[in-house]
Amino acid sequence: MSKRFYLTTAIDYLSGEPHLGHAYEKIVADVIARARRSLGEEVFFLTGLDEHGQKVQQAALDNGKKPQAYCDELAATWRSFAKRLNLSNDDFVRTSEPRHKTVVQAILSKLHAAGHFYQAQYRGFYSPKEETFLTEKDRRQDGTFDPRYGEVVEILEDNYYFKLQAHQEWLIHHLEANPDFVQPPHRRNEVLGLLKNNLLEDLCTTRPMARLNWGIPLPFDERFVTYVWFDALVNYISIPAAHGDPVVLAGLKCELPSPNSPVELWPADLHVIGKDILKFHAVYWPIMLKTMGLPLPKQILAHGWWQKDGQKMSKTIGNVVDPIAIIDEWGVDAFRYYVIRELDIGSDGNWTDAGFRARYSAELANGLGNLVNRSLSMLKRYRAGVVPQRHDELAPEAEKVINATIAELRAHHLQAALQSIGSLVHRANQYVDQTAPFRLAKDPSKAVRLGPFIPATAEKIYAQLGLTESPNNLKTATWGGLRGDHDIGEPAALFPRKDQPGTVQPG
Ligand code: MSP
């Protein structure tokens, strides 16, 4: 058994509709997972759903359904969403599954026994709509709360709190000693600033069962369920435990059915998350793990948020970008390509339909698609589909790009990797323009390097090149990979040109 490269995404609230933001994060993680596999590593890629909470309980009630049955229906939509994005995830966690609950309860018992929780009375404001506590600080100048909180009620209730302050110095030290722990650097600085300038307030970890019963009951006090983060974050270790991970099982000392072929996963190599949940991942989660006696994840990569036409996406405005509609019209790889090429991980992005079409047309249809199609068509026409003697004019540039791309993939600089590959596509198209077509040298490495980003297209390019293997091994990304006399397959347009929305022209 050897440790796999283990990466995770945030688990989405199943009460929302899958949109561009969810899709983006999952594609970032998927590209990293595929890139690592192409580099010869064994990978375990986990994504899934965060199912408990008041919103779901209420929605189930409104629909006259039991929460579990209601979640089962919605989960099917999310699973098919993951399929439509062509995610290569190795498991899909749902927090309502028994395998997850068992681990959450084992952790709660262990931490309770070790004195990490205390009970205290909470008096304050609560927004049932946003499922969040509010303080005086959240009031606006006129004394009211932001309308997004809906009706705010005053409550008085007992809850269990998780002690955080004792670990604050330790965490600052960990962040300082491990500059890569939170990436990109401006997010790391944000966390350090927060820790250095504020005393951490203890984390409320429960809700009274009387108010919320769609959650995991505390094993030591059945009047409460554990709430959101103590439930959701634990998915990152409950699934390794379910797969027999020795580090998690030994750390938690919990009894679980042992799988036939256990895998070594923990500590995670990478948590891919959005900037809004950074505090939970970079502050609460490390402290939770420390108290459990488990090692910390190696890296947290926080991406930015997408807007549409310069505005926050919202149902009320009606500007939520639906990835499925885009995929239906343009194909999954066009969507995958655009989101990664457009946005540097960490920055915020802005989706415009015009921007999407411009990249589709310039970089996919006229760039990559044209290069592959014209090269193979000419080979068919002038050389009966047989690869001629190699010409090496582009070899030095190709080798440079290959090395740069591999380094960028390893560092999760996905946009830069696509820029590198794009520069070679551009150069190769220029080369075809400048030279007699029949002298063309064929380079299968482009398809291999594009494999993590646009896997379905890379497969098509391989098929058109007449290659039978899969484009999933970056070791084969070398110049001159096609030997002279190799027979190519049938060229066909990869990205049909669409001069007007809705009209497809032959490539
Ligand atoms: N359930 C919690 C996460 C628990 S992780 C242990 C949650 N769910 S969410 O559905 O609200 O968000 C899931 C992920 O989608 C988050 O990482 C969030 O940042 C991301 N995004 C939601 N909207 C987004 C955009 N508009 N743009 C980019 N990502 C966004 O938070």
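This is a predicted model, so every value here is computed, not measured. (Residues numbered from 1 in each chain as written. Predicted model: local features only at pLDDT ≥ 70, side-chain atom pairs only at ≥ 80, totals over all residues. Heavy atoms only, no water.)

Asks: Explanation requested: the overall build of the protein in the structure shown.
Replies: Regarding its fold elements, the protein presents 17 helices and 16 strands. A compact globule built from 507 residues would reach a C-alpha radius of gyration of about 23 Å, and the protein, at 26 Å, matches this within 12%. Dimensions of the protein, computed from the C-alpha atoms along their principal axes, are close to 80 × 50 × 45 Å. Within the protein, buried positions represent 54% of all 507 residues. At a minimum sequence separation of 6, the contacts of the protein that also span at least 24 residues come to 75%. Element-wise, carbon and sulfur atoms account for 50% of the exposed surface of the protein, whose accessible area totals about 22,000 Å². Computed over 58 positive and 61 negative side-chain charges, the separation of the two mean positions in the protein equals 3 Å. (Helix = DSSP H or I, 4+ residues; strand = E, 2+ residues; numbered from the N terminus. Rg over C-alpha atoms; globule rule 2.2 N^0.38 Å. Buried < 20%, exposed > 50% of the residue type's maximum accessible area, 1.4 Å probe, protein only. Contact = heavy atoms within 4.5 Å. Areas by Shrake-Rupley, 256 points an atom, 1.4 Å probe, with all protein chains shown as cover. Lys, Arg positive; Asp, Glu negative; His and termini not counted. Charge placed at Lys NZ, Arg CZ, Asp CG, Glu CD.)

Asks: How do you make sense of the environment of Ala-416 when you look at a structure like this?
Replies: Tracing the chain through its elements places Ala-416 in helix α15 (residues 414-434). When the C-alpha positions of Ala-416 and Arg-341 are compared, they lie 8.1 Å apart, and in sequence the two are 75 residues distant.

Asks: Looking at this model, I keep getting lost on the packing of aromatic side chains. Mind explaining?
Replies: Any two aromatic rings considered together are summarised by their centre-to-centre distance and by the angle between their planes. Tallied over the full model, the rule gives 27 aromatic pairs. Residues Tyr-338 and Trp-351 carry aromatic rings whose centres are separated by 4.8 Å and whose planes lie at 75° to one another, so their mutual orientation is edge-to-face. Here Tyr-338, found in helix α12 (residues 332-342), pairs with Trp-351, found in strand β16 (residues 349-351); they are 13 residues apart in sequence, far enough to count as distant. Taking the relative accessible area as the measure of exposure, Tyr-338 reaches 1% and is therefore buried. (Phe/Tyr/Trp six-rings, centres within 6.5 Å; stacked < 30°, edge-to-face > 60°.)

Asks: Explanation requested: the pairing of strand β4 (residues 91-94) in the structure shown.
Replies: Note on strand geometry: in a regular strand, side chains alternate between the two faces of the sheet. The side-chain alternation of β4 yields two buried faces, one formed by Asp-91 and Val-93 and the other by Phe-92 and Arg-94. Bridging between strand β3 (residues 43-50) and β4 involves 4 bridges; their strand directions are parallel. Following the sheet pairing, Gly-48 is matched in β4 by Val-93. (Pairing = 2+ DSSP bridges.)

Asks: Help me out: how do you make sense of the site of the ligand in this one?
Replies: With respect to spatial proximity, 24 residues lie near the ligand, and among them Ile-11, Glu-25, Asp-50, Asp-276 and Trp-306 are the closest. Within the backbone of Gly-274, one N or O atom sits 2.9 Å away from an oxygen atom of the ligand. Those elements that provide at least two residues to the shell around the ligand are β2 (12-13), α1 (20-38), α7 (229-232), α8 (235-242) and β13 (270-274). Broken down by element, the residue count for the shell around the ligand peaks at 3 residues, all from α1. (Near = heavy atom within 4 Å. Polar contact = N/O pair within 3.5 Å; in protein donor to acceptor, adjacent residues only side chain to side chain.)

Asks: Which parts of the structure should I look at to understand α1?
Replies: Every α-helix winds through 3.6 residues per turn, so residues three or four apart in the chain are directed the same way. Here α1 contains 19 residues, and its C-alpha end-to-end distance of 26 Å stays within 8% of the 27 Å for a straight helix at 1.5 Å per residue. With 18 of its 19 residues buried, α1 lies for the most part within the structure. In the stretch just after α1, Gly-40 is the one whose phi turns positive, near 95°. (Expected span 1.5 Å × (residues − 1).)

Asks: Would you mind showing me how to read the nonpolar core here?
Replies: If you look at soluble globular proteins, the nonpolar side chains tend to sit buried side by side. The biggest cluster of nonpolar side chains holds 90 residues, and the ones touching the most others in it are Phe-335, Val-339, Trp-351 and Phe-453. If we skip the residues at most four places from it in the chain, Trp-351 touches Leu-20, Trp-306, Gln-307, Lys-308, Asp-309, Val-321, Ile-326, Phe-335, Tyr-338, Val-339 and Phe-356. If you look at the next biggest cluster of nonpolar residues, it comprises 64 residues, including Val-191, Leu-192, Leu-200 and Leu-233. (Core = buried A, V, L, I, M, F, W, Y, C linked by side-chain atoms within 4.5 Å.)

Asks: Is there a simple way to explain the sheet that holds strand β10 (residues 206-208) in this structure?
Replies: Pairing between the strands of a sheet is mediated by backbone hydrogen bonds and can be parallel or antiparallel. With antiparallel pairing, 3 strands are arranged side by side in an open sheet as β10-β12-β11. The sheet is open, and its two edges are formed by β10 and β11 (216-218), each paired on a single side. Sheet twist, expressed as the average angle between the axes of neighbouring strands with direction ignored, equals 50°. Summarising the sheet, β11 and strand β12 (residues 221-226) pair through 3 bridges and their orientation is antiparallel. Paired with Leu-218 across the bridge in β12 is Asp-221. (Axes fitted to C-alpha atoms, helices over the stretch in contact; angles between N-to-C directions.)

Asks: Where do I start with the side chain of Gln-415 in this structure?
Replies: With respect to the secondary-structure elements, Gln-415 resides in helix α15. Under the relative-accessibility criterion, Gln-415 is labelled buried at 14%. There is a polar contact of 3.4 Å between the side chain of Gln-415 and the backbone oxygen of Glu-342. Beyond its immediate stretch of four places on either side in the chain, Gln-415 contacts Ile-340, Arg-341, Glu-342, Leu-343 and Asp-344.

Asks: Explain the pairing of strand β1 (residues 5-9) to me, please; I cannot follow it from the model alone.
Replies: Burial within β1 is extensive, with 5 of its 5 residues counted as buried. Where β1 lies against β13, 3 bridges are found, and the strand directions are parallel. Along β13, the bridge assignment pairs Thr-8 with His-271.

Asks: Sorry, what's going on with the sheet that holds strand β7 (residues 153-162) here?
Replies: The strand order β6-β5-β7-β9 describes an open sheet built from 4 strands, whose pairing is antiparallel. Pairing within the sheet leaves two strands with one partner each, and these edge strands are β6 (132-134) and β9 (203-204). Of the pairings in the sheet, the one linking β7 to β9 comprises 2 bridges and is antiparallel in character. Opposite Tyr-161, over in β9, you have Cys-204 as the bridge partner.

Asks: Is there a simple way to explain unusual backbone geometry in this structure?
Replies: Excluding glycine, residues mostly carry a negative phi; peptide bonds, for their part, are mostly trans. With an omega of -10°, the peptide bond between Gln-183 and Pro-184 qualifies as cis. Mapped onto the fold, Pro-184 is located in the loop between β8 (182-183) and α6 (185-197). Pro-267 follows Trp-266 through a cis peptide bond whose omega is 5°. With phi around 60°, Asn-86 is a residue other than glycine that occupies positive phi space.

Asks: Explanation requested: the pattern of salt bridges in the structure shown.
Replies: Think of it this way: side chains of opposite charge can pair up when their charged atoms draw near. Overall, the coordinates contain 29 salt bridges when judged by the stated rule. In this structure, Asp-12 and Lys-26 form a salt bridge, with 2.8 Å as the shortest nitrogen-oxygen distance. Separated by 14 residues along the polypeptide, Asp-12 in strand β2 and Lys-26 in helix α1 bring together distant segments of the chain. As far as burial versus exposure is concerned, Asp-12 and Lys-26 are alike and both buried. Between Glu-136 and Arg-139 there is a salt bridge, with its nearest N and O atoms 2.9 Å apart. A relative accessible area of 53% means that Glu-136 is categorised as exposed. Arg-139 sits in the partly exposed class, given a relative accessible area of 30%. (Salt bridge = Lys/Arg side-chain N within 4 Å of Asp/Glu carboxyl O.)

Coordinates in, geometry out; function isn't part of it.
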